[in-house]
Amino acid sequence: MKLQIRLLGCVELCVDGQLVTPGAAKRRAVLAGLALEANRPVSLSRLADMVWPDVPPASAVANLRSHAAGLRRELGVRLVARPNAYELRLSPDELDVTQFHRLAGEGRALLATADPASAIATLTAALAQWRGVSGDGLPRGTALDNRWASLDEQRLQIFEELAEARLAAGEHGHLLPELRGHLAAHPLRERAWTQLMLALYRCGDVPAALTVYRDARTTLDEQLGIEPGEELAALHRAMLDRAPELAYTPPPAPVTTATAPVAPPPAADTDGVAPRPSGPGGGACWAVPRELPAGLVTFVGRGRETAEVVAALRGASPATVVVTGAFGSGKTALAVRAAHAVTADFPDGQVYVDLDTRTPAAPGEVLARVLRAIGVHPADVPANTDERAGWYRSLVAGRRVLLVVDGVTRAAQVRPLLPAGPGPGLVVVAQRRLGSLDGARRVTLRPLAAADARELLAALAGPERLTVDPAATGELVRLCAGSVLALRVAGTRLAARPGMPVDVLVDQLADGRERLDLLDYEDLSVRGSLTTAVAAVRADDEMAGRILALLGAAPDALRQPERVARQLGISAARLDRALDDLADAHLLQPHSNEPGRHLLPALVREYAAELAAEPRSAAGASTGRRVGPLVA
C-alpha cells in the first residue's frame, strides 16, 4: 500500500494514487496528528488535545477509537493500535511536511555555498509542496495550532530564502511583483523589505527603493512602534551612498556554443502538410501538440464573441487575440471553444498553457513551457530568456501552430510569443486588457445577458425547475449578476438537490453576508476567483487593494475623491491611477449616470466588504481556491 498524506493545505489522503475522503474535520485532525508524529505512538490524551479546542468531552476516548476505526479502513495495517495510543507508520516520502523539511534543508545548504543560485530549483520544489494554509479546514484552538503556526512561518522563511537565491541569480526584475505580494500579506517581514529594496535598486529604480524603505519604516512604527533593524537601515545608508557592492555582478559562466535549432521551411509534401524537422540537421524534432482541454458541454451564449475570436485567428495577418473580461465571465471557456473551432486551421499543433495567476510566471518560464511542448528537450532549452524567444521564433516561423495562454496578468508574460509573421496564432486570456500588446485584437466579455443566464441555469438544473417559479428564477439571475461562474455554481447546487425549490436558494443568496459562501462548490468558487483577481492587481499596485478594501467599508466613498486621497495619504493623480488599475481589471465599473465616477460591481462588493473586515496584514492573503480552468 502506497500512502500520500498532505497537510500543507486542505488535509488530503491518497491511497495507491486514489484520493479518498478521511471523514469529518475531527477525523481529519486525528489523521493529521498521527501523521505529524509518524512512527511514534501518540497517546489518546494527546490526540484528544489535538482534536478538541476546549476540554475534551467525556466521550472523547470512545470518539477517538471510532475515528481510528474509520481511518483503519483506509490505512489498513499502517495504523497500529498501542496501549492507550495509536501509531501511524509512514515512509519519509509519504508526508508532504517531511518532504518540505527535506527540500528546505537541502536548499538552505546550497544557498550557503559559493553558488547560491544553485538553490533555486530545490527551494522552489520545497514551496511547491504547499497548496494553501497548513491544516486548512481542521478545528482551530487545539494543540495542533502551534504546529500549523510553525509550518506557516517556515514557509515564509523559505520564500525569502528563495528570493535570496534568485537575487544571486540576477532575477531581480522578475522578483518585484512576488515580493510586493508577499509584503502585502506579511508587512512585518523586514528581510522581505530588504530584498524588495535591493531588487528595485538593481533594476535602476533608486527612488522607488528609497520609498520602500520609508514605507517599511512607517509600517514597523505604526504596527509595532519600532525602528527598522540594522540590516534594513544599513542597506538604506548604502543606497544613499550608491555603494558599488550593491550592484549585481553575474557569476562567471563557462564558455559554450549553442546553436538555435533551425526548422526548415515548411514545404508541403504529397498530403499538403509541412514535414517536421528531425535529427541533428533539423535541430529539435517537431512535436505536434494537441493540448487543448475539453470544452464545456453547457456553453451558452457568447456567439458573437466566439465568432470574433475565430475570425481573427483565420485572418491572413499574424493573429493575436486577447480575451478579457471580469472574473468568472467565462473567458477560458470561450477561448477554448474558439480554439477547438479552428484546430483544422492549425495542423502543426495546439499548445495550452495555464499560468496560475496567484504566482505570476516570468516570460522565460512561459517560453520554456512552450518550447518543451513543441519538441525541444528540457535539457536543450536555453537558460537565457532572449535565446528562448529566438529559438521559439525560429521553430514556429511559417508554421500553423496555435497557442492559448490562460491566466495572464501582465503583457510581458506573452510579449515574446507574439507572432512575428504569418503562421502562428496566439490567444491570450486575461482579466486586464493588456493595452501595450501592439496589434492585438481584443474581445471583451460583458456580463451574461438575462436570457442567456436563464438558458445556462436550465441546462444545469433542468428547465422544469425554473418554469415552476419564474419570479424566483429572475431573482436568481439578478443575484448572480451576469457572472457565468456564479450561475454555474447556482445551477450545480440546484442540480445536486433536486427537491429544493429555486426560491429557497434565492432566499439564502439574498443575505449578502452568506452569498460568497454559497457561491462555492467543489473547485468552482466565486470567492476564489475574486481572490486571484485582486491578488494579481495588488501584486502590481498595493494601493489598488487598499482602495478596494476602503470601498468595501464605504461603497459611496468615491463621491468625495479628494477625501479618499487624503485618507490614504496620496495625491489625487495617484488615486486616479489606482482606480484605473481596478477598472482595467474589471473590479470597478463606470457609473452610468455620473461620468468620472466608479462603482463596485455586484459580487465584488461583497468581497470588498470581506476585505474591509480583515486585519490589514491579512487583507492581501490569497485565501481562495484555484478556480476550475474553464470558468475564469
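The structure we're discussing is the one just above.
In short, a report on the structure.

Quick notes on the rules
- Residues numbered from 1 in each chain as written.
- Predicted model: local features only at pLDDT ≥ 70, side-chain atom pairs only at ≥ 80, totals over all residues.
- Heavy atoms only, no water.
- Helix = DSSP H or I, 4+ residues; strand = E, 2+ residues; numbered from the N terminus.
- 1 Å grid on protein atoms, 1.4 Å probe; cavity = no way out; pocket = protein on both sides within 12 Å on 5 of 7 lines; lining within 4 Å.
- Points joined across faces, edges and corners; volume = space filled by probe spheres on them.
- Nonpolar A, V, L, I, M, F, W, Y, C, P; charged D, E, K, R; others polar.
- Expected span 1.5 Å × (residues − 1).
- Buried < 20%, exposed > 50% of the residue type's maximum accessible area, 1.4 Å probe, protein only.
- Phe/Tyr/Trp six-rings, centres within 6.5 Å; stacked < 30°, edge-to-face > 60°.
- Lys NZ or Arg CZ within 6 Å of the ring centre and 35° of its normal.
- Core = buried A, V, L, I, M, F, W, Y, C linked by side-chain atoms within 4.5 Å.
- Contact = heavy atoms within 4.5 Å.
- Salt bridge = Lys/Arg side-chain N within 4 Å of Asp/Glu carboxyl O.
- Pairing = 2+ DSSP bridges.

Examining unusual backbone geometry
The phi dihedral of Asp16 falls on the positive side, at around 55°, and the residue is not glycine. As for its position among the elements, Asp16 is in the loop between strand S2 (12–15) and strand S3 (18–20).

Focus: empty space enclosed by the protein
Inspection of every chain in the model, using the stated rule, returns three cavities of 30 Å³ or more. For the second largest cavity, the calculated volume is near 100 Å³. Taken together, 15 residues make up the lining of the second largest cavity; nearest its centre are Phe299, Val300, Gly330, Val484 and Arg488. Elements supplying a minimum of two residues to the lining of the second largest cavity: helix H12 (331–341) and helix H18 (484–496). Classifying every residue of the lining of the second largest cavity gives 10 nonpolar, three polar and two charged.

Regarding helix H1 (residues 25–36)
Helix length check: H1 (12 residues) gives 16 Å between terminal C-alpha atoms against 16 Å at 1.5 Å per residue, within 8%. In terms of burial, H1 is largely enclosed, as 10 of its 12 residues are buried.

Digging into the packing of aromatic side chains
Centre-to-centre distance and the angle between the planes together describe a pair of aromatic rings. Tallied over the entire structure, the rule returns one aromatic pair. Measuring from ring centre to ring centre gives 5.6 Å for Phe100 and Trp130, while their planes differ by 90°; the resulting arrangement is edge-to-face. Linking Phe100 in helix H4 (residues 96–111) with Trp130 in the loop between helix H5 (120–127) and helix H6 (145–168), this pair joins segments that are 30 residues apart in sequence. According to the relative accessible area criterion, Phe100 is buried, its value standing at 0%. The ring of Phe346 carries Arg400 above its face, with NZ or CZ at 4.2 Å from the centroid.

Focus: the nonpolar core
Judged by nonpolar contacts, the single largest core of 79 residues is most densely connected at Ile5 and Leu7. The contacts of Ile5, once residues within four sequence positions are left out, are Glu12, Leu13, Leu31, Ala35, Leu88, Leu90, Glu94, Leu95 and Asp96. Counting 61 residues, the second largest nonpolar core, distinct from the first, contains Ala458, Ala533, Leu568 and Leu588.

A few points about the pattern of salt bridges
Scanning the entire structure with this criterion turns up 31 salt bridges. As a salt-bridge pair, Glu37 and Arg46 come within 3.3 Å of each other at their nearest N and O atoms. Under the relative-accessibility criterion, Glu37 is labelled buried at 8%. By relative accessible area, Arg46 is classed as partly exposed at 38%. Within this structure, Arg302, Arg304, Glu305, Glu308 and Arg441 form a network of salt bridges that share partners.

A closer look at the sheet that holds strand S4 (residues 42–43)
Strand pairing in a sheet relies on backbone hydrogen bonds. The paired strands run either parallel or antiparallel. Pairing is antiparallel across the open sheet formed by three strands, whose spatial order is S4-S6-S5. Among the strands making up the open sheet, the edge pair consists of S4 and strand S5 (79–82). Here four bridges tie S5 to strand S6 (residues 85–88), and the two strands are oriented antiparallel to one another. Its bridge partner being in S6, Ala81 is matched across the sheet by Tyr86.

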